[in-house]
Amino acid sequence: MMLFLGPYYVIKGLYFVFSQYCVVSVFITLHILLLPLRFTAPALYWKIDAYLFKASLGLVSSWFYTEGVTLKESGDSLKDIYNDEVLLLCNHQSTADIGVMMQSMYSKGPTAGHLIWIMDHVFRLTHFGWMSCFHGDFFLEKPRTEAKRNEQMRNMKEHIRSAYSDGMKKWVVLFPEGGFLCNMRPSSQRYANQHGLPILNNVCLPRLVATQTIIDELTPKEGSSDLKKCRNLKWIVDTTIAYPRGEAPNGLYLIFSRGKFPPIRVHYRVFDIKSVPRDEEGFKNWMYDRYIEKEAMLERFYKTGSLVDNLTESIDTDVKGAFFSVLFYFVMAVCFSVFLYFPVISLVNFKWILLIVLIYMIYFAYSFVKTFF
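Residues numbered from 1 in each chain as written. Predicted model: local features only at pLDDT ≥ 70, side-chain atom pairs only at ≥ 80, totals over all residues. Heavy atoms only, no water.

Q: Report on the environment of Tyr-191, specifying residues and quantitative values.
A: With respect to the helices and strands, Tyr-191 occurs in helix α7 (residues 181-194). Residue classification places Tyr-191 among the partly exposed residues on the basis of a relative accessible area of 33%. Sequence spacing of Tyr-191 and Leu-205 is 14 residues, and the spatial spacing of their C-alpha atoms is 8.6 Å. Sequence-distant contacts of Tyr-191, that is, excluding residues within four places in its chain, are made with Leu-197, Leu-205 and Tyr-288. (Helix = DSSP H or I, 4+ residues; strand = E, 2+ residues; numbered from the N terminus. Buried < 20%, exposed > 50% of the residue type's maximum accessible area, 1.4 Å probe, protein only. Contact = heavy atoms within 4.5 Å.)

This is how it looks when you write it as structure tokens:
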């Protein structure tokens, strides 16, 4: 176990904490100050949002760049679809997956600013969740009833369509397994055993409702009156993250790994949306086939170090861009702190601020434990 001791960890820890303060406070403040533009000049508002969100991914990427975290990417090239409408599906092993995808997407040109993340509702309560609310991400709960699930899917349909038509979003990022591998594997294997499906150990069988809802909403069937109303999905990008020896670290470990973590593999496969079956049974089999293929690839990687035959890997980074993202957020945070935050806070009794923070932390801890334990 790594002990966070010594001057290096102190300095990196301070940078890690202060950079979060900078990116969250500046991102939210600018969105509030620019809110009138959302109604008077929405195109400009969402262009600024795209820049701010891409810069936030650059700042997060800096946590990993400074530790020498390397992503070796393989499979189909994404360069030709940066500006297209895409649904990206990814396996989910730990909190590190979020950072890996952010680092990977940051170097993909304009893509990073036009992402919608579909994530667990508990993250709405975090400081990054507050940013996501302004950006237009969507939070999924684990419904306890069929009626609740249907209501949630209706809400997601409306949100996704609005984000595509009004919010200038293009890529939707979803983890179809519904949670971390270690948490979801037992129920996935029970379901597979009951329905005569392969027993998977390195991934879980995907949950289909959210994925199919997104495809149905953003890719109306031929003959539908909605077909030309706005931009529609063109591609599905099937993404596989592979950690050495199958040991998925938590995100915090990567952020303080000091270059000791071996390269992480990210493998992309691009499918034309027209090749994906639209009927329920055909779509289910198509999705299951993708995850059965992931299982085989990961099993091979853990044994041989290679995901597929004749693999060509590349390292795609934008360290310079990440530096300027950090610089932008740091400068803006200092300016806002001096001329806005501190003067406003000085008008409020500090004890009330502490009380509000304490109540919020208790509520967040309760929600987190309730969801994951």
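Q: I'd like a description of the side chain of Ser-257, backed by residues and values.
A: Within the element layout of this structure, Ser-257 appears in the loop between α9 (251-255) and β7 (264-272). Residue classification places Ser-257 among the buried residues on the basis of a relative accessible area of 1%. Engagement of the side chain of Ser-257 in a polar contact is seen with the backbone oxygen of Leu-254, the distance being 2.9 Å. (Polar contact = N/O pair within 3.5 Å; in protein donor to acceptor, adjacent residues only side chain to side chain.)

Q: Go over the packing of aromatic side chains with me, naming the residues and quoting the values.
A: Ring pairs (aromatic) are described by centroid distance and by the angle formed between their planes. One pass over the structure, following the stated rule, counts 19 aromatic pairs. Plain terms: the ring middles of Tyr-15 and Phe-330 are 6.0 Å apart, the flat faces sit at 50° to each other, and that makes the pair tilted. Remark: Phe-330 occurs in helix α11 (residues 319-345) and Tyr-15 occurs in helix α1 (residues 7-33); sequence separation between them is 315 residues. Taken together, Tyr-8, Tyr-9, Phe-16, Trp-63, Phe-128 and Phe-256 form an aromatic cluster joined through their ring pairs. The ring centre of Phe-256 lies 5.8 Å from the NZ or CZ of Lys-12, which sits over that ring. In this arrangement the basic side chain of Lys-54 is found over the ring face of Tyr-106, its NZ or CZ atom lying 4.5 Å from the centre. (Phe/Tyr/Trp six-rings, centres within 6.5 Å; stacked < 30°, edge-to-face > 60°. Lys NZ or Arg CZ within 6 Å of the ring centre and 35° of its normal.)

Q: So, the confidence of the model for the chain: which residues are in play, and what are the values?
A: Mean pLDDT for the chain: 89, with 93% of residues reaching 70 or above. Mean pLDDT values over the elements of the chain span from 71, in helix α12 (residues 350-372), up to 97, in strand β6 (residues 235-242). (pLDDT = per-residue confidence, 0-100.)

Q: Could you give an account of the pairing of strand β3 (residues 115-120), naming the residues involved and the relevant values?
A: For β3, the tally of buried residues reaches 6 of 6 residues, placing the bulk of the element in the interior. When β3 meets strand β5 (residues 171-174), the two strands line up parallel, connected through 3 bridges. Along β5, the bridge assignment pairs Trp-117 with Val-173. Note that β3 and strand β4 (residues 138-140) share 3 bridges and pair parallel. Residue Ile-118 lies in a different strand from β4, and its bridge partner there is Phe-138. With helix α5 (residues 127-135) bridging β3 and the parallel β4, this β-α-β connection has right-handed handedness. (Pairing = 2+ DSSP bridges. Right-handed = clockwise from strand over helix to strand, strands pointing away.)

Q: So what about a nonpolar patch on the surface? Which residues, and what values?
A: Among the surface-exposed residues, Phe-18, Tyr-21, Val-334, Val-338, Phe-339, Phe-342, Ile-345, Phe-350 and Leu-354 lie close enough to one another that they form a single nonpolar patch of about 920 Å² accessible area. Breaking the nonpolar patch down by element, the ones donating at least two residues are α1, α11 and α12. In terms of residues, the nonpolar patch owes the most to one element, α11, which gives 5 residues. Positionally, Leu-354 belongs in helix α12. (Patch = residues over 30% accessible without salt bridge, like charges linked within 9 Å, V, L, I, M, F, W, Y side chains within 5 Å. Areas by Shrake-Rupley, 256 points an atom, 1.4 Å probe, with all protein chains shown as cover. Salt bridge = Lys/Arg side-chain N within 4 Å of Asp/Glu carboxyl O.)

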